[in-house]
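A structural walkthrough
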Amino acid sequence: MMDNSSWMTVYPEIVLLVMACVIALADLFVKSPKRNATYALTLLSLGGVAWLHAMYADAGQTLYGFGRLVVSDPMGHWLRCFATIAVMVTLVYSRPYAADRDMLRGGELFSLSMFALLGMSFMISGQNFIVIYLGLELLTLSSYALVALRRDHTQATEAAMKYFVLGAMASGFLLYGMSMMYGATGSLELSAVLKAISSGQVNHQVLVFGLVFIVSGLAFKIGAVPFHMWIPDVYQGAPTAATLLIGGAPKLAAFAIMIRLLVEGLLPLAFDWQQMLSVLAIGSLLIGNLAAIAQTNLKRMLAYSTIAQMGFVLLGFVAGVINGETTLAANAYSSAMFYMVGYVLTTLASFGVIMLLARQGFESEEITDLAGLNHRSPLYAGVMAICLFSLAGIPPMVGFYAKLAVLQSLIASGQGFYIGLAIFAVLMSLIGAFYYLRVVKVMYFDEPVTATTVAAHTDVRVVLSLNGLLVLVLGVVPGALMALCADAVVRMLAV
Amino acid sequence: MGLLSLAIWMPIAFGVVLLAFGRDSQARAVRWLALVGSIASFLVTLPLYSGFALGTSAMQFVEKASWIERFNVHYHLGVDGISLWLVLLTAFINVIVVIAGWEVITRKVNQYMAAFMILSGLMIGVFSALDGILFYVFFEATLIPMYLIIGIWGGPNKIYAAFKFFLYTLLGSLLMLIALIYLYVTSGGSFDILTWHKLPLSGSVQTLLFFAFFSAFAVKVPMWPVHTWLPDVHVEAPTGGSAVLAAIMLKLGAYGFLRFSMPIAPDAAREWGMFIIVLSLVAVVYVGLVAMIQQDMKKLVAYSSVAHMGFVTLGFFIFNPLGVSGGIVQMIAHGFVSAAMFLSIGVLYDRVHSREIASYGGVVNTMPKFAAFALFFAMANCGLPGTAGFVGEWMVILGAVKFNFWIGLLSASALIFGAAYTLWMFKRVYLGPVANDDVKDLTDINGREFLMLALLAAAVLYMGVYPKPFTDVMDTSVIDLLKHVALSKLP
């Protein structure tokens with residue numbers, strides 16, 4: 001069973017693990033306060049890992065390793081490739097911010113990020129309840145530490161505590177649900193679970209009972225209403241660098257475990273989980289958008305906006321199986337994937353700007369701190385505006401096509417309920433437009449309160465500009481990324 | 001690259017260059033670059049007219065390339081007799097607006113010019129898009145530059161106006177997006193507008209689609225009773241913004257009726273035609289009366305715009321060639337005249353910083369050249385024969401009388417209101433003795449302002465005296481559109 005091809009399926013993860021350990025050790029010998037060597041080595045390793053994933057994804061093969069513990073498929077590799085790049089970009093934005101806040105005394109920021117990425121990788125590639133769970137735990141444990149990295153900061157410590165307690169509870173939910181599934185089907189492996197459920201020999205009540213826990217656990221992790229309470233507090237309290245590490249790349253992994261668990265493992269229960277996800281989506285769109293209006297803190301507002309955006313992603317999951325037919329599944333799930341990728345890209349740039357504006361001893365996280373940004377720096381105001389318009393779903397930004405794809409999947413179902421959901425979703429995005437526009441208003445129409453110029457390191461400036469540009473460019477030519485998502489999901493479903 | 005692509009992307013490219021390299025320290029260079037860019041962008045639209053083949057309603061200058069394969073979305077452009085003049089009008093008004101903002105704008109000049117250049121390209125995109133998503137992208141994207149124009153360079157209450165503009169129009173168009181996706185699904189996976197024209201649809205579906213489109217276009221036109229955003233926005237927008245808003249952006253909505261509502265849902269359009277006609281008549285008569293009591297010049301012209309656009313929608317939904325052609329002619333004429341009216345107000349505002357009619361009086365004594373232009377445009381606004389304003393209104397009224405005598409009579413009465421509020425404003429602002437020191441200190445228009453008003457005056461006069469080039473172009477398209485609308489699409 002442990003032939004060579006097994007090792008091939010996790011080759012990028014092995015590289016990642018080795019380099020994470022090497023970097024953790026090598027950092028002990030780095031003297032520079034900005035950790036230049038660690039930083040360079042991390043980016044280099046991650047760049048290599050991302051390249052490996054892209055190569056694998058491009059090959060387009062689906063291979064199972066270690067007796068179906070993990071899978072190597074294009075969807076997984078693309079998601080891991082994007083997640084790796086997202087972590088790289090996060091680190092580029094975070095370094096100056098962290099250095100100013102006494103978070104670079106050691107190289108933990110880098111090694112913990114890499115371990116978090118390793119966790120995400122196994123969430124994405126896992127084909128077994130236990131592997132997925134372990135990946136999730138590795139990610140969340142690293143994230144707890146990252147949030148608490150600024151240990152003498154009260155707010156951050158409080159956020160870490162909240163995150164830990166609620167996160168542990170969510171993990172418990174998920175694990176409990178998994179154990180129910182195991183009890184009912186006698187297998188931990190997704191394809192065997194699927195087969196057992198399809199056979200119809202399994203007690204449906206036990207399955208739905210377990211499903212409720214799994215869906216709750218997942219909803220906790222992506223922050224869907226009513227399991228969203230931790231999101232605003234943690235987003236706001238955590239150092240922005242950690243916020244981005246939680247709110248960026250892991251969303252791709254969260255998408256992946258939803259696909260792995262709900263689609264690859266529990267597709268025969270789609271009728272049940274589609275209903276649950278519809279309720280979660282409606283709640284998230286409603287609460288997320290309405291609560292965001294009342295926020296004055298930019299990070300908190302973006303946290304509520306995330307909740308609303310996740311509501312949209314969930315909508316991409318609800319219209320896959322209609323009357324037991326899976327003809328629209330690829331269409332629906334690929335729209336959710338495209339949405340998630342576009343969302344992560346946009347989130348990276350918007351938090352990048354927030355971190356850039358923060359200075360020593362000043363967080364710049366109130367919306368009013370952005371006042372007159374257009375006067376201080378038209379470039380970064382432009383990047384932020386592009387992100388906000390994208391989140392609001394105004395063309396020609398990538399966020400519009402994401403919404404288009406999801407709405408299309410709903411309407412294609414031809415069901416009155418789903419068309420109603422689509423109309424509800426667009427009305428909610430109208431509310432969303434209001435609070436995104438308010439930030440644009442502050443940046444462009446208000447007078448600056450400070451004349452401080454915005455200075456950025458070359459690496460931050462280049463990456464942030466490219467990041468903002470990409471949100472726009474993917475809006476003008478979204479075809480390639482859409483085709484990539486569609487192809488990846490089709491191949492995943494075909495297996 | 002085809003002519004239409006050039007017409008769309010050239011101003012946008014100039015806009016991007018201005019954004020990237022412009023600084024307020026080089027404002028002079030920025031202005032000249034914007035002027036060169038806008039003139040060049042206008043010149044590339046001229047071959048569209050000279051090369052336009054009359055006598056066919058087929059799309060011309062068609063460009064088609066795959067854009068988003070996943071959803072079968074195409075980069076599909078083309079113009080017919082309905083859209084051709086709107087493309088030219090957009091590019092022309094852009095030149096005027098660049099000239100109008102020349103010395104007036106001193107802060108963030110490059111962003112100002114770039115916003116108008118990009119906006120112009122996007123609006124040409126709306127008029128030439130033949131793919132539903134492409135249309136929607138252009139249609140929505142216009143909100144961003146306009147929002148910034150109002151918010152950055154607008155008046156004291158600009159924030160309120162900018163939000164009202166954005167959210168009001170967004171609400172309408174989001175429902176249209178649902179309709180577009182629905183059509184995509186129903187047509188078996190096509191976003192092609194011309195395919196949708198032929199798609200059979202049941203009566204109830206047509207009605208729903210008709211109202212989804214109506215929500216987008218009626219707000220944009222704007223039709224009574226969803227017109228309330230327009231006066232607020234006009235008052236606060238900078239002069240150039242008001243001019244583009246009135247001259248072009250309102251036409252996006254009216255154009256949408258012709259390209260989407262009527263041909264895609266013809267049965268619903270005929271069924272609900274009377275509903276639109278009634279709303280239009282209310283706009284023409286009631287809003288005309290509302291305009292009469294305005295104290296603010298910009299508000300007055302804004303209400304007058306609503307009334308004039310009422311003529312346009314009235315013309316469309318009486319379903320005869322005179323009415324529809326008249327509506328389109330009225331769109332173009334109103335483009336010239338309303339831009340001129342707003343720019344005239346801008347000329348006064350730049351000097352006195354007041355839009356109140358009461359702040360003026362006897363301007364003719366200190367600004368005789370300007371008053372002459374203002375009188376001419378006022379006459380055009382009330383539809384004096386020989387000006388552009390006359391042709392469209394006259395055609396619509398003739399069409400309306402053919403359709404139903406009483407509707408014709410009511411719409412004709414609007415000419416009287418139009419004359420009343422326009423001329424009364426003219427009298428209070430321009431005639432009589434010099435009212436105060438502000439007016440006494442006024443200096444007459446300079447060469448730049450003269451040029452901008454003269455260009456518009458020439459256009460208004462030409463169109464009024466010799467409208468044939470305009471009507472010739474649209475004849476076949478209008479007749480074929482009406483033939484199409486007369487046929488039932490019920491399965």
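It should be emphasised that the depicted structure is a prediction, and the values quoted were computed from it without experimental measurement. (Residues numbered from 1 in each chain as written. Chains lettered and ligands numbered in written order. Predicted model: local features only at pLDDT ≥ 70, side-chain atom pairs only at ≥ 80, totals over all residues.)

**Description of the overall build of chain A**
Selection rule: Every helix listed is a DSSP run of H or I at least four residues long, and every strand listed is a run of E at least two residues long, numbered separately from the N terminus. The atom set for the radius of gyration is the C-alpha atoms, and the globule formula is 2.2 Å times the number of residues raised to the power 0.38. Here a residue counts as buried when 20 or more other C-beta atoms fall within 10 Å of its C-beta, as exposed when 12 or fewer do, and as partly exposed in between; the C-beta atoms come from the backbone. Note on contacts: residues are paired as contacts if their backbone-placed C-beta atoms lie within 7 Å.
When helices and strands are tallied, chain A shows 21 helices and two strands. Relative to the 2.2 N^0.38 estimate, which gives 23 Å for 495 residues, the radius of gyration of chain A is 21 Å and therefore close to what a compact globule would have. The principal-axis extent of the C-alpha atoms belonging to chain A is close to 70 × 55 × 40 Å. The 495 residues of chain A split such that 62% are buried. Long-range pairs, those at least 24 residues apart, make up 79% of the contacts in chain A with a sequence separation of at least 6.

**A word on the overall build of chain B**
Within chain B one finds 23 helices and two strands. On C-alpha atoms alone, chain B measures out to a radius of gyration of 21 Å, which is about the 23 Å that the 2.2 N^0.38 rule sets for 491 residues. Counting only C-alpha atoms, chain B reaches 70 × 55 × 40 Å along its principal axes. Restricting to contacts in chain B with at least 6 residues of sequence separation, those with at least 24 account for 81%.

**Considerations on the interface of chain A and chain B**
For the record, the criterion: Following the grouping adopted for this structure description, the nonpolar residues are Ala, Val, Leu, Ile, Met, Phe, Trp, Tyr, Cys and Pro, the charged ones are Asp, Glu, Lys and Arg, and the polar ones are all others, Gly among them.
Taken together, the 24 residues of chain A in the interface contact 28 residues of chain B. Elements represented by at least two residues in the side of chain A that touches chain B include exactly α18 (398-412), α19 (416-444) and α21 (479-494) of chain A. Counted by class, the side of chain A that touches chain B contains 20 nonpolar, three polar and one charged residues.

**Some remarks on helix α8 (residues 158-186) of chain B**
One turn of an α-helix holds 3.6 residues; hence residues three or four places apart share an orientation. Residue and element names in this part refer to chain B. Convention followed: An expected span of 1.5 Å times one less than the residue number is assigned to each helix. Fitting one axis to the seven residues ending at a residue and another to the seven starting there, the bend at that residue is the angle between the two axes.
The end-to-end C-alpha distance of α8, which contains 29 residues, comes to 42 Å, matching closely the 42 Å that a straight helix rising 1.5 Å per residue would cover. Of all the bends found along α8, the most pronounced is centred on leucine 171 and spans about 25 degrees. Within α8, 21 of the 29 residues are buried, which leaves it mostly tucked inside the rest of the structure.

**Examining helix α10 (residues 230-237) of chain A**
Residue and element names in this part refer to chain A. By the criterion of burial, α10 is predominantly enclosed, with seven of the eight residues buried. If you check which residues of α10 are buried, you get Trp230, Ile231, Pro232, Val234, Tyr235, Gln236 and Gly237. Packed against the buried residues of α10 are α6 (129-147), α7 (154-185), α11 (240-247) and α14 (298-318).

**Quick look at the nonpolar core**
Heads up, the rule is: Working definition: the nonpolar core is a set of buried Ala, Val, Leu, Ile, Met, Phe, Trp, Tyr and Cys residues, joined through C-beta atoms within 7 Å. Where a domain begins and ends is set by an automatic assignment or by a domain database.
Core analysis: the biggest nonpolar cluster contains 419 residues, and A:Val147, A:Leu252, B:Ile178 and B:Ala339 have the highest contact counts within it. Broken down by element, the residue count for this core peaks at 21 residues, all from helix α15 (residues 329-357) of chain A. There are two domains that each give this core at least three residues, and those are domain 1 (1-162 + 231-260) and domain 2 (281-495) of chain A. If we skip the residues at most four places from it in the chain, B:Ile178 touches A:Leu407, A:Ile411, A:Ala422, A:Ile423, A:Val426 and B:Ala212.

**Description of the environment of B:Lys298**
Its place among the elements puts B:Lys298 in helix α15 (residues 297-317). With residues up to four places along the chain from it excluded, the contact list for B:Lys298 reads B:His234, B:Val235, B:Ser242, B:Ile345 and B:Arg355.

**Thoughts on the packing of helix α4 (residues 74-100) of chain A against α11(A)**
Residues and elements named next belong to chain A. To keep it simple, the criterion reads: Lines fitted to the C-alpha atoms define the axes, with helices restricted to the stretch that makes contact. Angles between their N-to-C directions range from 0 to 180 degrees. Should an angle lie under 35 degrees it is considered roughly parallel, over 145 roughly antiparallel, and from 65 to 115 roughly perpendicular; all remaining angles are considered oblique. Crossings are sorted by hand: turned counterclockwise from the far helix by less than a right angle, the near helix makes the crossing left-handed, and turned clockwise it makes it right-handed.
At their nearest, the axes of α4 and α11 sit 9 Å apart, and the two run at 160 degrees to each other. It follows that α4 is roughly antiparallel to α11 by the angle criterion. Like other packed secondary-structure pairs, α4 and α11 cross with a definite hand, here left-handed. Contact residues: Thr90, Tyr93, Ser94, Tyr97 and Ala98 in α4; Thr240, Ala241, Leu244 and Leu245 in α11.

**Comments concerning the domain arrangement of chain A**
Residues and elements named next belong to chain A. When the domains of chain A are assigned, the result is domain 1 (1-162 + 231-260) and domain 2 (281-495). Between the C-alpha centres of domain 1 and domain 2 the distance comes to 22 Å. At the junction of the two partners, domain 1 supplies 32 residues and domain 2 supplies 38 residues. Within the residue set of the side of domain 1 that touches domain 2, elements represented by two or more residues are α4, α10, α11 and α12 (249-265). For the side of domain 1 that touches domain 2, the per-class residue count stands at 20 nonpolar, nine polar and three charged.

**What about the packing of helix α4 (residues 84-100) of chain B against helix α16 (residues 321-352) of chain B?**
All names here are of chain B. Between α4 and α16, the shortest axis-to-axis distance is 10 Å and the interhelical angle comes to 10 degrees. Comparing their axes, α16 and α4 come out roughly parallel. Counting all contacts with α4, which are made through Trp85, Leu86, Leu89, Ile93, Ile96 and Ala100, the residues of α16 involved are Met331, Ile332, Gly335, Ala339, Leu343 and Gly346.

**Things to note about unusual backbone geometry**
Trans is the common state for peptide bonds, and a negative phi is the common state for residues other than glycine. Cis geometry marks the peptide bond from A:Pro395 to A:Pro396; its omega dihedral reads 5 degrees. Geometrically, the link from B:Trp224 to B:Pro225 is a cis peptide bond, its omega value of 5 degrees lying close to zero. Among the secondary structure elements, B:Pro225 is positioned in the loop between α10 (203-220) and α11 (229-236). If you check the backbone angles, A:Asp102 has positive phi at about 65 degrees while not being a glycine. Looking at where A:Asp102 falls in the secondary structure, it is placed in the loop between α4 and α5 (108-125). One non-glycine residue, B:Lys108, lies in positive phi territory at about 50 degrees. Here B:Lys108 shows up in the loop between α4 and α5 (109-128).

**Description of the pairing of strand β1 (residues 60-68) of chain B**
All names here are of chain B. Selection rule: Strand pairing follows a simple DSSP-based rule, namely that at least 2 bridges must link the two strands.
Bridge analysis of β1 against strand β2 (residues 73-79) gives six bridges, and the strand direction is antiparallel. By the bridge assignment for β2, lysine 64 is matched with histidine 76. Adjacent in sequence and paired antiparallel, β1 and β2 are bridged by four residues, among which asparagine 72 carries a positive phi angle near 55 degrees.

**Describing the confidence of the model for chain B**
The condition is simple: Per-residue confidence from the prediction method is given by pLDDT, with values spanning 0 to 100.
Of the residues in chain B, 100% have a pLDDT of 70 or more, and the chain-wide mean is 89. We note a pTM of 0.93 for the whole complex and an ipTM of 0.91 for its interfaces.

**Re the environment of A:Phe115**
Residue and element names in this part refer to chain A. Relative to the helices and strands, phenylalanine 115 resides in helix α5. According to the C-beta neighbour criterion, phenylalanine 115 is buried, with 23 such atoms within 10 Å. Sequence separation of phenylalanine 115 and glycine 135 is 20 residues, and the distance between their C-alpha atoms is 9.8 Å. Those residues in contact with phenylalanine 115 that lie beyond four places of it in its chain are Ala20, Leu138 and Ser142.

**Notes on the environment of B:Leu343**
Residue and element names in this part refer to chain B. The residue leucine 343 is located in helix α16 in this model. Separated by 68 residues in the primary sequence, leucine 343 and serine 411 place their C-alpha atoms 27 Å from one another. Those residues in contact with leucine 343, other than ones at most four positions away along the chain, are Ala100, Thr239, Ala243, Met452 and Leu453.

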